[in-house]
Amino acid sequence: EPEVTQTPSHQVTQMGQEVILRCVPISNHLYFYWYRQILGQKVEFLVSFYNNEISEKSEIFDDQFSVERPDGSNFTLKIRSTKLEDSAMYFCASKDSGSNTEAFFGQGTRLTVV
Amino acid sequence: AQSVTQLDSQVPVFEEAPVELRCNYSSSVSVYLFWYVQYPNQGLQLLLKYLSGSTLVESINGFEAEFNKSQTSFHLRKPSVHISDTAEYFCAVRGAGGTSYGKLTFGQGTILTVHP
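These figures come from a predicted structure and were not determined experimentally.

What chain A contains, in helices and strands, is 0 helices and 11 strands. Of the regular secondary structure in chain A, the N- to C-terminal order runs β-β-β-β-β-β-β-β-β-β-β. Over its C-alpha trace chain A gives a radius of gyration of 13 Å, about what one expects of a compact globule, namely 13 Å for 114 residues. Taken over the C-alpha atoms alone, chain A extends approximately 40 × 25 × 25 Å along its principal axes. Put simply, chain A has 114 residues, and 46% of those count as buried.

Structure, rendered in structure tokens:
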């Protein structure tokens, strides 16, 4: 069964450092997403990406965040200068076209900023 | 915009007992509704979904949920739980319109713990 793959599973980084979280969506999917879950809180939408551009983003997704689909298979989330409050589980998801399809999620990357 | 409220943060039950996990939503547009499950140290997996048609939807492992438009609810039920159902369950909503790009809004999650 096709699945969304995220790497690494756990990343520890120092405050102020740049970090790139990587995702390989399901190959024929057209919509891509990043969500995050701070420990003890709900899963929050960050950004959606369609047709090689951001289609929607939340208030959380400020200038320190960026997304890219560099080679047609990977989908990355970059955080330019990490803060302690960026520590969270980050989930990538992808979805096929059509309104009656659901999003498939990866296993998540746990980011710890120290 | 949509919002989702899961009324119970934790639900402890004994094995073979019935369980109901409650979910209410608000939205100014028509919605699709989902339940995702997260087992310990794993990602989010789709448990079941309501898109249209019959308001009662079922999963392959015995869970069911009923869409109640008048009460804006989508409660999850199982008549007899197993130890292996221990997990966190998330209710989520998505606008049914064509401009939503599939963004999901999640509830706070309910931790279901099944005791022997």
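Let's shift gears to the overall build of chain B. Of regular secondary structure, chain B possesses 0 helices and 12 strands. Helices (α) and strands (β) of chain B occur, in sequence order from the N terminus, as β-β-β-β-β-β-β-β-β-β-β-β. Its C-alpha atoms give chain B a radius of gyration of 14 Å, near enough to 13 Å, the size a compact globule of 116 residues would have. Projected onto its principal axes, the C-alpha coordinates of chain B cover approximately 45 × 30 × 25 Å. Taking all 116 residues of chain B together, 47% fall into the buried category. For chain B, restricting intrachain contacts to residue pairs at least 6 apart in sequence, the fraction spanning at least 24 positions comes to 58%. Of the accessible surface of chain B, which amounts to about 5500 Å², a share of 51% is contributed by carbon and sulfur atoms. Side chains of chain B carry 7 positive and 9 negative charges; the gap between the two charge centres is 13 Å.

A few words on the pairing of strand β3 (residues 19–24) of chain A. Residues and elements named next belong to chain A. In β3, alternate side chains face the same way, and those of V19, L21 and C23 are buried while those of I20, R22 and V24 on the opposite face are not. Bridge count for strand β1 (residues 5–7) against β3 is 3 bridges, and the pairing is antiparallel. Each bridged residue has a counterpart across the sheet, and for T5 the counterpart in β3 is V24. Both β3 and strand β8 (residues 75–79) contribute to a ladder of 5 bridges, which runs antiparallel. Pairing of L21 across the sheet is with L77, part of β8.

Residue and element names in this part refer to chain B. Per the stated rule, a full pass over the model turns up 8 salt bridges over all chains. Where E66 meets R77, a salt bridge forms, and the shortest distance between an N and an O atom there is 3.3 Å. Here R77 lies in strand β9 (residues 73–78) and E66 lies in strand β8 (residues 64–68), a separation of 11 residues in the sequence. Judged by its relative accessible area of 26%, R77 falls in the partly exposed class.

Residue and element names in this part refer to chain A. Strand β9 (residues 88–95) sits mainly inside the fold: 8 of its 8 residues count as buried. As paired elements, strand β4 (residues 31–37) and β9 share 7 bridges and run antiparallel to each other. Paired with Y35 across the bridge in β9 is F91. Sheet topology places β9 next to strand β10 (residues 104–105); 2 bridges connect them, and they run antiparallel.

What describes a pair of aromatic rings is the distance from one ring centre to the other and the angle between the planes of the rings. Scanning the model with the defined rule gives 18 aromatic pairs over all chains in all. An angle of 35° between the planes, with centres 6.3 Å apart, marks the rings of B:F34 and B:Y36 as tilted. Judged by relative accessible area, B:F34 falls into the buried class, the value being 0%. Here a set of aromatic residues connected by ring pairs shows up, and it is made of A:Y33, A:Y35, A:F45, A:F91, A:F105, B:F34, B:Y36, B:F90 and B:F106.

The rules behind each value
By convention here, each chain's residues receive numbers from 1 onward along its written sequence. The lettering of chains begins at A and the numbering of ligands begins at 1, in the order of writing. Per-residue local features of the predicted model are confined to residues with pLDDT of at least 70, and side-chain atom pairs are confined, for both listing and counting, to 80 or more; whole-chain, interface and lining totals are unaffected and use all residues. No hydrogens and no water enter the side-chain calculation; it runs on all heavy atoms of the structure. Here a strand is any run of E in DSSP of at least two residues, a helix any run of H or I of at least four, and the numbering for each starts at the N terminus. Atoms considered for the radius of gyration are the C-alpha atoms alone. The globule rule reads 2.2 Å times the number of residues to the power 0.38. For each residue, the accessible area found with a 1.4 Å probe, counting protein chains only, is set against the maximum for its type, and the residue is called buried under 20%, exposed over 50%, and partly exposed in between. Whether two residues are in contact is decided by their heavy atoms, any of which lying within 4.5 Å being enough. Areas reported here follow the Shrake-Rupley algorithm with a probe of radius 1.4 Å; residue values treat only the protein chains shown as occluding. Residues scored as positive are Lys and Arg, those scored as negative are Asp and Glu, and His as well as the terminal groups of each chain are ignored. Where a charge sits is defined by one atom per residue type, namely NZ (Lys), CZ (Arg), CG (Asp) or CD (Glu). Strand pairing is assigned whenever DSSP detects at least two bridges linking the two strands. Any Lys or Arg side-chain nitrogen located within 4 Å of an Asp or Glu carboxyl oxygen qualifies as a salt bridge. Note on ring pairs: Phe, Tyr and Trp rings are taken, using the six-membered ring of Trp, and paired if centres are within 6.5 Å. Classes follow the plane angle, with under 30 degrees stacked, over 60 edge-to-face and the rest tilted.

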